[in-house]
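Below are the chains, spelled out letter by letter.
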Protein chains: 2
Amino acid sequence: MDLTKLLKPKSVAVIGASEKEGFGGDVCRNILSYMEDRSHVYFIHPKRDQVFGVPCYKSVTDVPESVDLMVICTSQKTVIPLLREGAAKGCGGAVVFASGYGEVGTDQGRANEKELMETAKELGIAVMGPNCAGFVNYVDNVQAFAFISDKRDRKGSVGVVSQSGQLCLSLMDCPGMRFSYSISAGNGKIVQMEDYMDFLVEDENTKVVSIYIEGVKNADKFAAVLKKAADRRKPVVILKAGRSAKGGAIAASHTGSLSGSDASFDAVLKKFGAIRVDDLEELMAMSLMLSTLKQMPKQATFASMNLSGGETGICADVGSLNGIEYPDFTEETLASLKAQLPSYASPNNPLDMTASLSYDADLYAGALRTVMDDPNIGMVLIGYTLLLEIADPAIHYMYEGIEKVVKEKGENCKPIAMIPFAENTRNAEYQEKLFNMGVPVLPPTVYAFKILRRLADFISYTPENKSLSLAVGQKKSGETYALSEHDSKKELGAYGVPVPKEVIVTSAEEAAEFAKDTEEALVMKVESADILHKSDVGGVKLNIHGSCEAVRAYNDIMESVTSKRPDAKINGILTVPMLKSGVEMIIGVNNDPQFGPMVMVGMGGVFVELFKDVALYPAPISKAEALDMLRSLKSFKLLNGYRGGKKCDIDALCDTIVSIADFASANRDTLKELDINPLFVYPEGEGVGVADALVVKYGSREESRL
Amino acid sequence: MDLTKLLKPKSVAVIGASEKEGFGGDVCRNILSYMEDRSHVYFIHPKRDQVFGVPCYKSVTDVPESVDLMVICTSQKTVIPLLREGAAKGCGGAVVFASGYGEVGTDQGRANEKELMETAKELGIAVMGPNCAGFVNYVDNVQAFAFISDKRDRKGSVGVVSQSGQLCLSLMDCPGMRFSYSISAGNGKIVQMEDYMDFLVEDENTKVVSIYIEGVKNADKFAAVLKKAADRRKPVVILKAGRSAKGGAIAASHTGSLSGSDASFDAVLKKFGAIRVDDLEELMAMSLMLSTLKQMPKQATFASMNLSGGETGICADVGSLNGIEYPDFTEETLASLKAQLPSYASPNNPLDMTASLSYDADLYAGALRTVMDDPNIGMVLIGYTLLLEIADPAIHYMYEGIEKVVKEKGENCKPIAMIPFAENTRNAEYQEKLFNMGVPVLPPTVYAFKILRRLADFISYTPENKSLSLAVGQKKSGETYALSEHDSKKELGAYGVPVPKEVIVTSAEEAAEFAKDTEEALVMKVESADILHKSDVGGVKLNIHGSCEAVRAYNDIMESVTSKRPDAKINGILTVPMLKSGVEMIIGVNNDPQFGPMVMVGMGGVFVELFKDVALYPAPISKAEALDMLRSLKSFKLLNGYRGGKKCDIDALCDTIVSIADFASANRDTLKELDINPLFVYPEGEGVGVADALVVKYGSREESRL
């Protein structure tokens, strides 16, 4: 959808311009306070000659030029006629603040929303909202926002889209935050979140795309936008409630749409390298950091420099808890620091420089330069609280020291961030000075190291070896049917999953024949879609050697099953070589209604159940992605030569995961779920073995045979 | 140590009073700016007649009354003579700002510190520091602090002691923080952290004790103070670096003292119900919340009330991630909320009230009252960001609504906290109004729910069923020796640990005799302190039935061992009934050099190794504590009837843990470590079985036999 007329209008009409409190008044006040060039802004009110001294037009029709954007401040009932009137004036975008649509949950509301969607589509108008707070375009200075804000320069490079007006306000209130666009999307069913995201990913003035989303509406579009961002290495930071059961229920009820599982959403973001955050403060801090840094670190390694042992210890602890890598300094760095620091300091990373450094800008700059020059270090973290009530002369010297190094290094300056130990925006003056220098002041340590961890993940992400697509199928529901074990394996085998050589024998002779040619012991199981619990009816025999035993087993099973289940249609007896035992894994697939097949890998037994030690990833899956999945398991060690044992055939296991994902992708429209349990993994070079498999599909067995 | 003259002096002499920048000048400035009654404050300078217009005395000796406290602003060299002079004037407390002591890490520094310690002891003077920033007593308005602060009322009920001056400054800079005492302890070797803590636990004006500590110096005293606090239910909030390996190394190097393991420290705090936090922001927020709330919640259950779906979702998610319990509302509450909220709101906990509630104080108060009256709810969390730059009229109505309910409920008002979604202190005016009403404004959600989790733990803690002591032994190091399996079991058996009936037989006849009387199969193992790897020399036989097999096994083992290890002293052959298999556990004890024996319990196998699923707790251990340890394991389900299996004999397992802790406590001076691996746990009523045990003690085997 083209959002140019909506978000970058050449002319704007404010419908319902007013001096009162409320949408009309607030939009006008914002326009008057922020937009100096109002030559293409038109206030419209049928009964007023002027608003705040600005002449008013009676209607859009009266405006002396074509109108790109209508900001509709009037009530729900007026909207459709206004859109029609605007369309005649060339209008291609509209902001609708009014509520009374889908969000109220009534039949009337839903009908109103449907009518609005249809009209917008018919007229080709990109409608923001309804039930939104509007937007500000800071790049071209366009105000279409319904809440008054204190005047300060907020122009920057963070592009925000939020499905919650309230969260949008908090973002705009954040000291230091600077935006390219700030958009409150409201119900977002006409212009959707995915459209706004696409616009911001494309937009050159937007360095960071910052999103609060309640649920994805168009998974294909969502994936395409994330792929575009991944290819351009443009960070997309996403806040979405629903991690917990309660949060998921709230998100679902609020959007009124069935959302896919939160775990799937998470896995999708991981695939595309988008950054997920847990709350609003993190969304702000992450966006602020990414937009402030003049360049990304070249490596995800950090140095921490502090003025006291206590602060150094906190950075070591909270950093380590978040998996921050503090490499050792080189010998040269250590020697140089020893020469610069007081004799009682013991240089190390994290570094306690001692307070004495904070009273001399040159000394401080020297230590900072030395640390920055260390080839092991990608980014420097300066631990310091910008105090306000307590007079601390250190602040001036430190600032000067940092400034020296930043200026001297120019474009080669490695990224620096300041980590305070108490809230970050207290001392606005120094905070702003540092921001302007490209040094973000992060929130206190728990937040700071969370976002640094995400930064490390972001710069370590490589789009090159990822399969940047999803296998989104048609949404299915209703009747399902299970394939028999043999059929399940056959389907998997066709995609390269190493299933055992097995046959269905329909006579004692066939059983004898197969047994004669097979070295391993056999398992024989009755093959019938009607019998789910084979053992209960004497339908399973294990450890069968040679033709004689096979004949006996065949006859025993047939006799037992036909007497106990005379009703069942028996296809024959599945005869399969017994697999030798190996490391047990479980591989499953669930076809997420929104994002398509999600592949789950875990170690068999209690690992999955008690420790939730599983990896989830959307199909299709490349081999590199399969290996990443395995590596993310805590129990990965059990595959990788645990306690001096043999290494498992991880290569074959990765191939198998890729094949399973291929099978799932190909069956995206029909697959409900797949369970391989157990899958045995053998020592290096010896492959894997599927001991049991169950495919469940949508539809009926009969249909599938047509 | 009596700290009255130090912290609550009746008269104060400032030695080195000055108008310059530095200790002397800053202390004087603080005194003049904060202390209105200076009738017992004396400025001392040998060469000045007055400082800031206040007459000066040449020396302490000249002061016309006795001097309780000397604030020594002069250099290290002057301190000892000053203390002697002060002692003659009745001085019982001194603040020493000077550095040049242990902290510089030189021989001279250490010698200076030793001399200071000895002199202080000799003269009976409680010395704060050296190398400290001093203190403020806000209760009696005594200023002995070396950093200038903006004047505002900081008098409150948080008692702070910090081993880092820098962190102390940040705490004092925190808007809203209000103190009874703020103490920078410096090197803290004379008056120690434990002494200050004791003072604050005893102090009636201190509601919350708030500590930054680098390491415990006196574990017995530390435990005694924590016990006192636990008995009085006075919260002690502790920040200590060292959770991570890097953090631990920094803490150790900075204090210059061997600290016990961080895991032990953590376990000790858990035993006494002290609250450990991860960083400074959390220390502040936790202290601020505890001091602001007029009463503790009666139950650790929360209601979350918000104005938007997005914010509700964040509270649901971040709360759940932190284990916050949001019980369902009762039917009455739901019905009442439905009547009060807009038709499209779906009442639930967390509750999205919708923004409409925020524009009507009565409506808001009504919903708050309804939620608070729900018997399932212990505390109400109001989600709302106090904006500053963005005009949001909601703030006034909400405040009014809250005020209504707080006033109306009076002493029966359940605790309320406000949770902002962006930083908390931006809007100082409303923040302060809410604080004064007993409603703390917490930091944003990640911090907020971390501290609410700790609050829930604090109020759920019950000192009654805890063994509020530690088994601190004499510090041992050097030579160690292992007891044989039989001796290890014998020692444990004496404390009630259920070890199997086993004998050491020294002849084939004895073996036959024992076998004849034993129903179970036997294991026979050579018993020799000289042979560590018994299987390697043919020293183990399993699954022996009856006398004949026992005789043969005896002879086989003897023959094999004597031929392969002719040098070994053989005590005989350990003959023991084979234990039937059960759920495998590992129980270990490590004697922490600082806190005494720490008991570790975990499930056998990879659970301990890969998932670190262990519980650690200091001996002695009560039965309730043992059960808490087991319950804290993720693998606890495996003991408690996993997948429809039998419940294990948890009662017997708890008894065994108690007995092991008793054994460890009794051996606190000699035990190095103990390993029971595996311990089999049998179904309910069938007890546990120790399959192997190894006790290692300090000293030499020979000594132990004396």
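None of these values were measured; they are calculated from a predicted model.

Chemist: Requested: an account of the domain arrangement of chain A, with residues and values cited.
Modeler: If you check the domain split of chain A, you get domain 1 (1–148), domain 2 (152–292), domain 3 (299–438), domain 4 (501–577) and domain 5 (583–704). Summarising the inter-unit geometry, the C-alpha centres of domain 1 of chain A and domain 5 of chain A are found 52 Å apart.

Chemist: Residues and numbers for the nonpolar core, please.
Modeler: Of all hydrophobic cores here, the largest spans 109 residues; its most connected members are Leu452 of chain A together with Leu452 of chain B. Residues within four places of Leu452 of chain B in sequence aside, it is in contact with Met289, Phe302, Ile324, Met379, Leu381, Ile419 and Leu442 of chain B.

Chemist: A description of the pattern of salt bridges should follow, citing residues and the corresponding values.
Modeler: Oppositely charged side chains can pair when the atoms bearing their charge come close. The tally for this structure, following the rule as stated, stands at 84 salt bridges over all chains. Among the ionic pairs, Glu686 of chain A bridges to Lys580 of chain A, the shortest N-O distance being 3.0 Å. Here the residue Glu686 of chain A occupies a position in the loop between strand E27 (671–681) and strand E28 (688–690), and Lys580 of chain A occupies one in the loop between strand E23 (572–577) and strand E24 (583–592), the gap between them amounting to 106 residues. On the accessibility criterion, Lys580 of chain A (47% relative accessible area) is partly exposed. Linking Glu408 of chain B and Arg369 of chain B is a salt bridge whose minimum nitrogen-to-oxygen distance equals 2.6 Å. Residue Glu408 of chain B is found in helix H14 (residues 394–409), and its partner Arg369 of chain B is found in helix H13 (residues 361–373); the two are separated by 39 residues along the sequence. Relative accessible area serves as the criterion here: at 26%, Arg369 of chain B is assigned to the partly exposed category.

Chemist: Any chance you could break down the layout of surface pockets for me, citing the residues and the numbers?
Modeler: For the largest pocket, the calculated volume is near 2,200 Å³. Forming the walls of the largest pocket are 50 residues, and the residues nearest its centre are Lys634 of chain A together with Asp613, Val614, Ser632 and Lys634 of chain B. Within the residue set of the lining of the largest pocket, elements represented by two or more residues are helix H9 (262–272), strand E26 (614–618) and helix H21 (623–631) of chain A together with helix H9 (262–272), strand E14 (275–277), helix H16 (445–460), strand E26 (614–618) and helix H21 (623–631) of chain B.

Chemist: Can you lay out the pairing of strand E15 (residues 302–306) of chain A for me, pointing to particular residues and giving the numbers?
Modeler: Residues and elements named next belong to chain A. E15 sits mainly inside the fold: 5 of its 5 residues count as buried. Judged by which residues are buried, E15 turns out to be covered on both faces: Phe302, Ser304 and Asn306 on one side and Ala303 and Met305 on the other are all buried. As defined by bridge partners, E15 adjoins strand E17 (residues 379–383) across 4 bridges and the pair is classed as parallel. If you follow Met305 over to E17, its bridge partner there is Ile382. Sheet topology note: the E15/strand E16 (residues 351–352) ladder contains 2 bridges and is parallel. From the neighbouring strand, Asn306 faces E16, where its bridge partner is Asp352.

Chemist: Explain the side chain of Thr575 of chain B to me, and be specific about the residues and the numbers.
Modeler: Residues and elements named next belong to chain B. Looking at the secondary structure, you find Thr575 in strand E23 (residues 572–577). Here Ile573 takes part through its backbone oxygen, which lies 3.2 Å from a polar atom of the side chain of Thr575. Discounting residues that sit within four places of it in the chain, Thr575 has contacts with Glu502, Val503, Val505, Phe514, Leu522, Val523 and Met524.

Chemist: If you had to explain the side chain of Asn427 of chain B to someone new, which residues and values would you point to?
Modeler: Residues and elements named next belong to chain B. With respect to the element layout, Asn427 can be found in the loop between strand E18 (416–419) and helix H15 (428–436). For Asn427, a relative accessible area of 9% corresponds to the buried category. Here the side chain of Asn427 touches Leu387 through a polar contact of 3.0 Å, landing on its backbone oxygen.

Chemist: Please provide a residue-by-residue account of the packing of aromatic side chains, values included.
Modeler: Applying the stated rule across the entire model yields 25 aromatic pairs over all chains. With a centroid separation of 5.2 Å and an interplanar angle of 85°, the aromatic rings of Tyr181 of chain B and Phe199 of chain B are classed as edge-to-face. With Tyr181 of chain B in strand E11 (residues 179–184) and Phe199 of chain B in helix H6 (residues 193–202), this pair connects stretches of sequence that are 18 residues apart. When its relative accessible area of 0% is taken as the criterion, Tyr181 of chain B is described as buried. Residue classification places Phe199 of chain B among the buried positions, given a relative accessible area of 15%. Their ring planes at 75° and their centres at 5.5 Å tell us that Tyr399 of chain B and Tyr430 of chain B sit as a pair that is edge-to-face. One end of the pair, Tyr399 of chain B, is in helix H14; the other, Tyr430 of chain B, is in helix H15, with 31 residues separating them in the sequence. What links up through ring pairs into an aromatic cluster is the set Phe222, Phe265 and Phe595 of chain A.

Each value, and the rule that gives it
- The residue numbers shown here count from 1 along each chain, following its written sequence.
- Just so you know, chain letters begin at A and ligand numbers begin at 1, following the order they were written in.
- At least 70 in pLDDT is required for a residue's local features to be given in this predicted model, at least 80 for side-chain atom pairs to be given and counted, and no such filter applies to totals for whole chains, interfaces and linings, which use all residues.
- With hydrogens and water set aside, each side-chain value is computed from the structure's full complement of heavy atoms.
- These domain limits were set by an automatic method or by a database of domain assignments.
- Working definition of a nonpolar core: buried Ala, Val, Leu, Ile, Met, Phe, Trp, Tyr and Cys residues. They are joined through side-chain atoms within 4.5 Å.
- Buried means the residue's accessible area, taken with a 1.4 Å probe over protein chains only, is under 20% of the maximum for its type, while exposed means over 50%, and partly exposed covers the values in between.
- The contact criterion used throughout is that any non-hydrogen atoms of two residues lie within 4.5 Å.
- The salt bridge definition used is simple: a Lys or Arg side-chain nitrogen within 4 Å of an Asp or Glu carboxyl oxygen.
- Numbering goes from the N terminus for both helices and strands, where a helix is a DSSP run of H or I of at least four residues and a strand is a run of E of at least two.
- The distinction between a cavity and a pocket rests on a 1 Å grid over the protein atoms alone: a 1.4 Å probe fits inside a cavity but cannot get out, while a pocket stays open yet meets protein on both sides within 12 Å along at least five of seven lines, and a residue with an atom within 4 Å of a point counts as lining.
- Grid points are joined across faces, edges and corners, and a volume is the space filled by probe spheres set on the points.
- Two strands are said to pair when DSSP picks up at least two bridges between them.
- Polar contacts, as used here, are pairs of N or O atoms within 3.5 Å; protein pairs need one atom able to donate a hydrogen and one able to accept it. Residues neighboring in sequence count only if both atoms are side-chain atoms.
- Any Phe, Tyr or Trp ring, taking Trp's six-membered ring, that has another such ring centre within 6.5 Å forms a pair; planes under 30 degrees apart are called stacked, those over 60 apart edge-to-face, and the others tilted.

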